[in-house]
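Below are the chains, spelled out letter by letter.
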Amino acid sequence: MKQGQILNRESFISNISSILGREMPKEVVHPGLSSKPQLEIYKGFTQAQLAEEFHKNAQINKAGSGGKIDSLIIEKKDLAKTVAEKLAEHGAGPIIAWNDERFAEWGLNDVLNDAYVWTDEKGRENVDKALKASYGVCISDISLAETASYTVIDKLGKGRSSNFLPLNYVCIVPQSTIVPRLTQAMQKLHEMSKEGINPAAINFICGSSSSSDIELNKVWGVHGPIRLTYLIVSDL
Amino acid sequence: MGIKINDQSFKKNLKKNLNDDFMRAAMVKAQDLINKNRANVLSQLGDGNYQEWQKLSGEVRAHAIENLDFYLNQFAENVVKNGGNVFFAKDAKEASQYITNLAIEKGVKKVVKAKSMVTEEIGINHDLIDAGVDVKETDLAEYILQLDDWNPPSHMVVPSLHLNKTQIRDVFAKNGYSGKDIPEDLAAFARAQLRNEFVTADMGIYGCNFAIAESGAITLISNEGNIDLCTSAPELQVAVMGMERILATYEDADICISLLARNAVGAKNTSYTTFVNGITEEGAADGAKEFHVVIVDNGRSKVLKSQFKEVLQCMRCAACLNICPIYRQVGGHSYNSIYSGPLGVVLTPLLAGYDDFEELPYMCSLCGACTEVCPSNIKLHSLIHEHKRVLAEDKKASTFWGAGMTGAGMVFSRPWMYKLGTGVAPLMTKPFMVDGKIKRGVSVLKGWTDKRDMPALEKVRFRDWYTSRSKGGNK
Ligand code: SF4
């Protein structure tokens, strides 16, 4: 099959246009939202206040998850020590980390010494390593205070599977990446898109894998991660 | 499967479900729990003015539907810019055939699927299985239903709500499970069975909560993470979307996403909100190397043409199911459609025709609760009323409603007949009375007395009593 194809477009679209009683417009001007309540949420908060809100909401998620989610506000100088503690908390096991130079910059080389580093050139071997990993270590690209969500924007070296397969996660949340809510993340994606940058995947994550499909009982780790710890770093 | 879930008569389905005590209790529990949580999270959304958000969401959905041709075209162009392919399918058959042919052409042996209403609607599973492809539903509920011989879903958000944990244990036991009916253990069994499937599948198929025209992104919202695994490992990926799922911009998506989980499950957010924009970067070890979006009409353009077009704004949150007093009593399977509750009442006859679903519009008391909650600002109860009008005017109404209501209409519109009728009614209903109650009515009364008793009619008519009282009588 030829790639980059759009099949049956003409008949499909012209049918819709004729139902709408006109030709397909060349341009549509979006009328804009009649009000913007979303901009009022945490309006004017400083980064430190947003970090507090992120942490507060993570604690609410923690309560709802029976302790499967955790969050700490720390300083960069304590990062290596805290990551080491968290990587041992639920027993030893294989670790997978991104191929990301920030780990070295932030003094995590020793802690991640034994970790498997996602190496795209190795192909599917990476996926097998992720499947067997007890721990994944990641860094939030955009962090949403309202829901305590971290975001992973797809890029070589990060490995999509490494973000969903390990049992436990330690996510480093630089305070500087925290925005009030999804609104600001969408503004960023809009700006990127205008420049022609549409990353293959953007994942907003605010919890562990869970389901209530059996008599509405919440169970954790149905497919992917069971535990998630946010380390909010106040001076990053 | 298609839209219709079985070939039994409406009455037979209803009777079966009304006798299912577990299922009925489960509906009540789900409604109460989700509604309590929903009210709580909505009160915390901004300044708690839900109506303002509801209005906005209605606006952005209506704008997208009014300009559907433009935005679908823009979306398709962007999918291609992101390295993907787009197939516009006019019906279920075309959509399913395209995906099945793709699987055959690429030598696909195993597909991992994430829950999606539209893939149910186009019946893709059975076509793939007929083509020799191993299909694994990965959403926990859908996995249970697949193992239970493709038991149909009964709720849009919690599809296996009608099964209790012992029934689920029995289903799993047939597939190698030897544990107890403990939800954690059952989920752990599913996890052990499914984890490896994601990384060994050749193809991932998933639905689409919203499609963003400005970038070509498919937005997926879930709690289990199975969708993310379907979008991560398989090299060949297919997203299937109803054509109405489009939104113009990321800003519009913000409004709708902010309302979806809150209304669906009473949570601020689901664990995972994902945007997929086509194929991965060259050289990436996982992610889609080939990406297809199938955009499905399957009757939606007929809806667009009709007075029911507003229903295309639906974001499938199930809030209307969760508030509906009828759904609470009868459960999802009674609608005999993959789309149940008030949304199903409106949508099913439009997509699948009145012939099989003429009773559905009467599964509504017109209380309006669904309209009040709907985050897409759809006036559901008015649309249901409109269905009733169409059925009545086209004389398509069922025997009960048709004959009964025609008779009633004739009587009520003729004063002499009404006077005579109400005068003799106490006498006429005497044969149906037991212990002072009417228990077995006929015609208009039958629909009522099938389910509950009716008090005996007074011997003196209200009008006569009132006239007598006005003249100073005391009767
Ligand atoms: S009709 Fe409204 S309330 Fe019902 S599922 Fe659709 S969006 Fe939700």
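Higher on the page you've got the structure.
Residues numbered from 1 in each chain as written. Chains lettered and ligands numbered in written order. Predicted model: local features only at pLDDT ≥ 70, side-chain atom pairs only at ≥ 80, totals over all residues. Heavy atoms only, no water.

Peer 1: Got a minute to help me understand the packing of aromatic side chains in this structure?
Peer 2: Centre-to-centre distance and the angle between the planes together describe a pair of aromatic rings. Inspection of every chain in the model, using the stated rule, returns 14 aromatic pairs over all chains. Between the aromatic rings of A:Tyr150 and A:Tyr230, the centroid separation amounts to 6.2 Å while the plane-to-plane angle is 80°, which identifies the pairing as edge-to-face. Of this pair, A:Tyr150 sits in strand β7 (residues 149-153) while A:Tyr230 sits in strand β13 (residues 227-233), and the two are 80 residues apart along the sequence. Here the two residues A:Tyr150 and A:Tyr230 agree in accessibility, since each one is buried. Arranged with centres 5.1 Å apart and planes meeting at 40°, the rings of B:Phe172 and B:Phe189 form a pair that is tilted. Taken as a pair, B:Phe172 in helix α9 (residues 165-173) and B:Phe189 in helix α10 (residues 183-200) lie far apart in primary sequence, 17 residues in all. Exposure remark for B:Phe189: the relative accessible area of 11% places this residue in the buried category. (Phe/Tyr/Trp six-rings, centres within 6.5 Å; stacked < 30°, edge-to-face > 60°. Helix = DSSP H or I, 4+ residues; strand = E, 2+ residues; numbered from the N terminus. Buried < 20%, exposed > 50% of the residue type's maximum accessible area, 1.4 Å probe, protein only.)

Peer 1: What exactly am I supposed to notice about the interface of chain A and chain B here?
Peer 2: The accessible area lost on association of the parts is a frequent measure of interface size. Contacts between chain A and chain B engage 89 residues on the former and 112 residues on the latter. Roughly 8,100 Å² of surface becomes buried between chain A and chain B when both sides are summed, with 57% attributable to carbon and sulfur atoms. Run the count over chain A and chain B and you get five salt bridges. At the surface where chain A touches chain B, the tally comes to 58 residue pairs in polar contact (both at pLDDT 80 or more). Top contributing element to the side of chain A that touches chain B by residue count: helix α1 (residues 9-19) of chain A, with seven residues. Here the side of chain A that touches chain B is built from residues that sort into 39 nonpolar, 33 polar and 17 charged. (Contact = heavy atoms within 4.5 Å. Buried area = accessible area lost by both parts, 1.4 Å probe. Salt bridge = Lys/Arg side-chain N within 4 Å of Asp/Glu carboxyl O. Polar contact = N/O pair within 3.5 Å; in protein donor to acceptor, adjacent residues only side chain to side chain. Nonpolar A, V, L, I, M, F, W, Y, C, P; charged D, E, K, R; others polar.)

Peer 1: What should I look at first to understand the site of the ligand in this one?
Peer 2: The local shell around the ligand holds 14 residues, among which B:Cys314, B:Cys317, B:Ala318, B:Cys320 and B:Cys374 are the closest. For the shell around the ligand, a count of residues per class yields 12 nonpolar, one polar and one charged. (Near = heavy atom within 4 Å.)

Peer 1: Looking at this structure, I do not really get the side chain of A:Ser208. What am I missing?
Peer 2: Mapped onto the fold, A:Ser208 is located in the loop between β10 (201-205) and β11 (210-214). Look past the residues within four positions of A:Ser208 in its chain and what remains in contact with it is A:Lys68, A:Ile69, A:Trp220, A:Pro225, A:Ile226, A:Arg227, A:Leu228, B:Asn223, B:Ser271 and B:Tyr272.

Peer 1: It is not clear to me how the sheet that holds strand β9 (residues 178-179) of chain A should be interpreted in this structure. Could you clarify?
Peer 2: Two modes of strand pairing occur in sheets, parallel and antiparallel, and in both the strands are linked by backbone hydrogen bonds. With respect to topology, eight strands assemble into an open sheet ordered β9(A)-β6(A)-β7(A)-β10(A)-β9(B)-β6(B)-β5(B)-β8(B), the strand pairing being mixed. At either end of the open sheet lies a strand with only one pairing partner, and these are β9 of chain A together with β8 (246-247) of chain B. Taken together, the two bridges between strand β6 (residues 143-144) of chain A and β9(A) define a ladder with parallel strand orientation. What sits directly across from A:Ser143, in β9(A), is A:Ile178. Sheet strands touched by helix α6 (residues 182-194) of chain A: β6, β9 and β10 of chain A together with β9 (272-276) of chain B. Its angle to β10(A), the strand with the most contacts, is close to 170°. (Pairing = 2+ DSSP bridges. Axes fitted to C-alpha atoms, helices over the stretch in contact; angles between N-to-C directions.)

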